[in-house]
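# Commentary on secondary and tertiary structure
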Amino acid sequence: MIGLIHGARDLCLPAELGDERLLPPSEKDMVELVNGRLCVCEGKSSPVTCTTEARLVDVRYRPSVATSATYAVRDIHGVEHLVTYKVHLGGRAENRVVGGRYGDRVRKVCDPLLPYALLPERMASLWVFPADPELRGAVRALNSARTASWIWSLGLIGDRAPSSRGGSVSLEGYEHSRRAVYRVGIDSMGEAGDVSLREFGLRILPVECAAQSAAMRAQLPALDLPVPRLVGHDAANGWLLEEWTAGVPAEDGDVSVGALALACAAQIHGAPLAPGGPSGQPGPRRRLAPMDLLNGIPGIHRVPDWLWRPLEIPATAWIHGDLHPGRVLIREGGAGLLGLDGLRPGAPEEDIASWAADVLARGHTADVEAVLGELEELYSGAGGAPLDPGRL
């Protein structure tokens with residue numbers, strides 16, 4: 001799906017392409033939807049007001065198919081809840097049975113909102129995090145005692161005993177049905193009674209995606225790379241545990257950190273990709289044709305045939321796979337890259353093109369050649385290998 005930029009003309013894109021039904025609700029309309037469909041009063045659905053405002057935080061759009069828009073919704077007690085409005089024109093509403101002990105936990109953590117509601121008249125549904133139909137491990141991670149016990153079982157705390165205060169779990173980031181990121185703190189006690197805090201990053205992915213990411217990261221050479229080290233994987237819950245890295249994440253649209261990002265990317269690209277590794281012998285990888293993302297838009301088939309042909313991308317290096325400003329961590333002495341869910345063998349040009357797409361989408365300039373030229377210069381200055389302009 002295509003990520004749309006909040007507050008910009010992008011939010012009108014579905015209507016401009018003839019997809020009025022895929023427009024995300026306005027923030028005012030979202031408040032009304034939540035109050036009418038998700039609010040709970042004494043255990044029953046109630047039309048009374050329990051939310052007062054909504055703020056759009058993330059939108060993803062697939063032309064002629066679906067839109068997923070996540071809002072931070074504030075209730076009358078001042079607490080924010082993440083609520084996602086998802087519409088699918090194919091009528092494939094996400095109707096998952098939420099029952100048993102898992103369902104009890106979901107209802108408890110979503111209170112005073114219902115975990116989800118179906119909107120058949122809109123071919124849509126509402127989902128309150130952590131009641132995400134693809135991220136069932138997100139609810140389980142909120143059981144801090146259970147999460148701390150799992151981390152202890154990995155032998156990551158050494159000989160120190162667990163503190164009676166247990167641990168803490170706080171949400172750092174969320175993308176509906178794709179990933180959630182928690183910051184986990186574990187208190188431990190030494191022989192002298194001193195208490196220390198050890199922190200980790202816990203990424204929640206769909207189970208299959210987590211397994212694939214863990215397999216790729218396990219084969220990344222053990223070099224001093226500017227990325228968090230993976231220290232644990234729970235296959236049943238889709239959990240990926242990373243060492244916590246102190247720093248300040250760059251703003252999602254701050255393309256001024258490009259030099260830092262490309263320097264980090266160059267280090268990842270330079271890690272050796274062994275023959276017979278994750279993708280076998282490095283060779284061509286078939287990728288989606290550029291126009292596949294826009295398939296279904298009236299008149300789109302009139303574009304030249306070559307735009308529909310799958311791209312042949314040589315997998316000759318490790319790449320980040322999702323390089324944009326929101327993945328950059330500013331830290332003491334430099335920077336690092338977060339969000340390694342897309343780490344895989346590929347071509348360095350894919351990461352460069354990903355960053356260039358962000359620059360162009362933000363409207364800083366419409367000069368594609370100038371943007372690519374500047375990025376090539378920054379990448380080369382950071383020690384990156386020569387790029388093939390034809391792949392950008």
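Attention in this report is confined to the structure presented alongside it. (Residues numbered from 1 in each chain as written. Predicted model: local features only at pLDDT ≥ 70, side-chain atom pairs only at ≥ 80, totals over all residues. Heavy atoms only, no water.)

The biggest cluster of nonpolar side chains holds 31 residues, and the ones touching the most others in it are Trp-318, Val-328, Leu-337, Trp-355 and Leu-375. The set of elements that each furnish at least two residues to this core consists of helix 7 (258-269), strand 19 (334-337), helix 8 (348-361) and helix 9 (368-381). Examining the composition of this core, we find that six residues originate from one element, helix 7, more than from any other. In this structure Trp-355 touches Val-255, Val-257, Gly-258, Ala-261, Leu-323, His-324, Pro-325, Val-328 and Leu-375, once residues within four positions along its chain are discounted. The next biggest cluster of nonpolar side chains, apart from the first, holds 29 residues, and it includes Tyr-61, Val-106, Ala-131 and Val-139. (Core = buried A, V, L, I, M, F, W, Y, C linked by side-chain atoms within 4.5 Å. Buried < 20%, exposed > 50% of the residue type's maximum accessible area, 1.4 Å probe, protein only. Helix = DSSP H or I, 4+ residues; strand = E, 2+ residues; numbered from the N terminus. Contact = heavy atoms within 4.5 Å.)

With that out of the way, let us pick up the environment of Glu-80. Tracing the chain through its elements places Glu-80 in strand 6 (residues 80-88). Judged by relative accessible area, Glu-80 falls into the partly exposed class, the value being 38%. Between the alpha carbons of Glu-80 and Glu-53 there is a distance of 9.4 Å; along the sequence they are 27 residues apart. Among the polar contacts made by the side chain of Glu-80, one reaches the side chain of Arg-74 at a distance of 3.2 Å. (Polar contact = N/O pair within 3.5 Å; in protein donor to acceptor, adjacent residues only side chain to side chain.)

Another point: the sheet that holds strand 18 (residues 328-331). Judged by pairing direction, the sheet is antiparallel, and its three strands sit side by side in the order 14-18-19 without closing on themselves. Only two strands of the sheet have a single neighbouring strand rather than two, namely strand 14 (248-249) and strand 19. For strand 18 and strand 19, the ladder comprises four bridges, and the chain directions are antiparallel. Bridge assignment links Val-328 to a residue of strand 19, and that residue is Leu-337. Of the strands in this sheet, strand 18 and strand 19 are in contact with helix 7, which crosses strand 19 at around 60 degrees. (Pairing = 2+ DSSP bridges. Axes fitted to C-alpha atoms, helices over the stretch in contact; angles between N-to-C directions.)

Moving on: the pairing of strand 7 (residues 116-119). Two faces belong to every sheet, and in a regular strand the side chains alternate between them. On strand 7, burial follows the alternation: Ala-117 and Leu-119 on one face are buried, whereas Tyr-116 and Leu-118 on the facing-out side are not. Sheet topology note: the strand 7/strand 8 (residues 124-128) ladder contains four bridges and is antiparallel. Looking at strand 8, one finds that Leu-119 is bridged to Ala-124. Where strand 7 folds back onto strand 8 in an antiparallel hairpin, the turn is made up of four residues, including Met-123, whose phi is positive at roughly 55 degrees.

This part takes up the pattern of salt bridges. By the definition in use, this model includes 17 salt bridges. In this structure, the salt-bridge partner of Glu-199 is Arg-183, at a minimum N-O distance of 3.0 Å. A residue pair is termed long-range when its members are at least 10 positions apart, and Glu-199 in strand 11 (residues 195-204) and Arg-183 in strand 10 (residues 179-189) qualify at 16 residues. Of the residues examined, Glu-199 reaches a relative accessible area of 25% and is grouped as partly exposed. (Salt bridge = Lys/Arg side-chain N within 4 Å of Asp/Glu carboxyl O.)

The end-to-end C-alpha separation of helix 7 is 16 Å, in line with the 16 Å expected for 12 residues at 1.5 Å each. Within helix 7, the full set of buried residues consists of Gly-258, Ala-261, Leu-262, Cys-264, Ala-265, Ala-266, Ile-268 and His-269. Its buried side turned inward, helix 7 meets strand 17 (317-319), strand 18, strand 19, helix 8 and helix 9. (Expected span 1.5 Å × (residues − 1).)

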